[in-house]
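# Secondary and tertiary structure notes
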Amino acid sequence: MVNWLLVLAGGAIGAPLRYLTDRAVQARHDSVFPWGTFTVNVSGCLLLGLLTGAASQVQLLLGTGLCGALTTYSTFSYETLRLAETGARLYAAVNVVASVTAGLGAAFAGVALATGGR
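As a starting point, this report considers the structure included with it. Please read all numbers here as calculations on a predicted model, not as lab measurements. Starting from 1, residues in each chain are numbered consecutively following that chain's sequence as written. Two thresholds apply to this predicted model, a pLDDT of at least 70 for residue-level local features and 80 or more for giving and counting side-chain atom pairs, whereas whole-chain, interface and lining totals are computed over all residues. Derived side-chain values reflect all non-hydrogen atoms in the structure, with water molecules and hydrogen atoms excluded from consideration.

### Quick notes on the overall build of the chain
Summing up its helical and strand segments, the chain has 5 helices and 0 strands in all. Secondary structure counts use DSSP, requiring at least four H or I residues in a row for a helix and at least two E residues in a row for a strand, with both numbered from the N terminus. The order of α-helices and β-strands along the chain, N terminus first, is α-α-α-α-α. On the principal axes, the C-alpha backbone points of the chain span a range of 45 × 35 × 20 Å. Residues count as neighbours in contact if any of their non-hydrogen atoms are within 4.5 Å of one another. Partitioning the intrachain contacts of the chain with sequence separation of at least 6 by distance along the chain shows that 65% fall at a separation of at least 24. Of the roughly 7,000 Å² of accessible surface on the chain, 70% is carried by carbon and sulfur atoms. Charged side chains in the chain number 6 positive and 4 negative. The centres of these two groups are separated by 7 Å. Surface exposure here means Shrake-Rupley accessible area, sampled with a 1.4 Å probe, where a residue is shielded only by the protein chains that are shown. Here Asp and Glu are counted as negative and Lys and Arg as positive; His is not counted, and neither are the chain ends. In this description, the location of a charge corresponds to atom NZ of lysine, CZ of arginine, CG of aspartate or CD of glutamate.

### A word on helix α4 (residues 73–85)
Because each turn of an α-helix spans 3.6 residues, side chains separated by three or four positions end up pointing in the same direction. Taking 1.5 Å as the rise per residue, α4 with 13 residues should run 18 Å; its terminal C-alpha atoms sit 18 Å apart, in good agreement. Categorising residues by exposure relies on relative accessible area from a 1.4 Å probe, with only protein chains included: less than 20% of the type maximum marks a residue as buried, more than 50% marks it as exposed, and the intermediate range marks it as partly exposed. Turning to α4, its buried residues are F76, E79, T80 and L83. Seen from one end, α4 has its buried residues packed into an arc of 100°, which puts them on one side. Across from the buried face of α4, at angles greater than 90 degrees, the exposed residues are S74, Y78 and E85. Where α4 terminates, the next one or two residues include G87, which has phi positive at roughly 90°. Expected span of a helix: the number of residues minus one, times 1.5 Å. By definition, the arc is the one covered by directions from the helix axis to the C-beta atoms.

### Topic: the packing of aromatic side chains
Side-chain rings of Phe, Tyr and Trp (the six-membered ring for Trp) are treated as a pair once their centres are within 6.5 Å; stacked means planes under 30 degrees apart, edge-to-face means over 60, and tilted covers the remaining angles. This model, assessed by the stated rule, comprises 5 aromatic pairs. Each ring, one from W35 and one from F38, has its centre 5.8 Å from the other, and the planes form 85°; the classification is edge-to-face. Here the residue W35 and the residue F38 both occupy positions in helix α2 (residues 35–50), the gap between them amounting to 3 residues, near one helical turn. Residue classification places F38 among the buried positions, given a relative accessible area of 16%. When the ring of Y73 is compared with that of F76, the centres are 5.5 Å apart and the planes differ by 50°; the resulting orientation is tilted. On the criterion of helical spacing, the pair formed by Y73 and F76 is a turn pair, its members being 3 residues apart in helix α4.

### Let's talk about helix α1 (residues 2–27)
Under the 1.5 Å per step criterion, the end-to-end length of α1 is 38 Å for 26 residues, consistent within 8% with the ideal 38 Å. Inspection of α1 places L6, G10, G14, R18, D22, V25 and Q26 among the buried residues, and these make up the whole buried set. In the core, the buried residues of α1 are packed alongside α2, α3 (56–70) and α4.

### Quick look at a nonpolar patch on the surface
A residue counts toward a patch only above 30% relative accessible area and without a salt bridge, and it is joined to like-charged neighbours within 9 Å or, for Val, Leu, Ile, Met, Phe, Trp and Tyr, to nonpolar neighbours within 5 Å. Should a side-chain nitrogen of Lys or Arg be within 4 Å of a carboxyl oxygen of Asp or Glu, the pair is scored as a salt bridge. Residues V96, V97, V100, L104 and F108 make up a contiguous nonpolar surface patch of about 480 Å² in total accessible area. Structurally, V97 is set in helix α5 (residues 89–115).

### Re the packing of α1 against α2
The angle between two axes is taken between their N-to-C directions and runs from 0 to 180 degrees, where each axis is a line fitted to C-alpha atoms and a helix contributes only its stretch in contact. The geometry of α1 relative to α2 is characterised by a closest axis approach of 7 Å and an angle of 130° between their N-to-C directions. Taken together, the axis directions place α1 and α2 in an arrangement best described as oblique. Considering how the two elements wind past one another, α1 and α2 form a crossing that is right-handed. In this structure, α1 contributes R18, T21, D22, V25 and Q26 to the contact, and α2 contributes W35, G36, T37, T39 and V40. Considered class by class, the residues forming the contact of α1 with α2 number 3 nonpolar, 5 polar and 2 charged. Any angle that is under 35 degrees is reported as roughly parallel, and any over 145 degrees as roughly antiparallel; angles of 65 to 115 degrees are reported as roughly perpendicular and all others as oblique. Crossing handedness is read from the near helix: turned anticlockwise from the far helix by less than a right angle, it gives a left-handed crossing, and turned clockwise, a right-handed one. Each residue gets one label: Ala, Val, Leu, Ile, Met, Phe, Trp, Tyr, Cys and Pro are nonpolar, Asp, Glu, Lys and Arg are charged, and the others, such as Gly, are polar.

Shape is all these values report; function is a separate question.
Here is the structure:
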């Protein structure tokens, strides 16, 4: 019973954090590139990497709950599709390559930080 409450609490924090971060970042860039979604997704990957080895309840609260609500593959996919449909195919391709590369890099960096580089 406690597990789903931890996920719920993390999600309740992650969802508004995602929206507010996305809007704040995107407002600072005069570009069609989805910098807000890119930022929340890479940040979530870093946090998930940092959570490596954390207690299961911390993983439920922050990993599944907060990061699950903070990051968004569906918005990434939608924004990439919209870029391609509106003729910004280069931005679409850059979004895919940069998001996957930066997300994996952030996850590896988080794991390295959490484990002391072991």
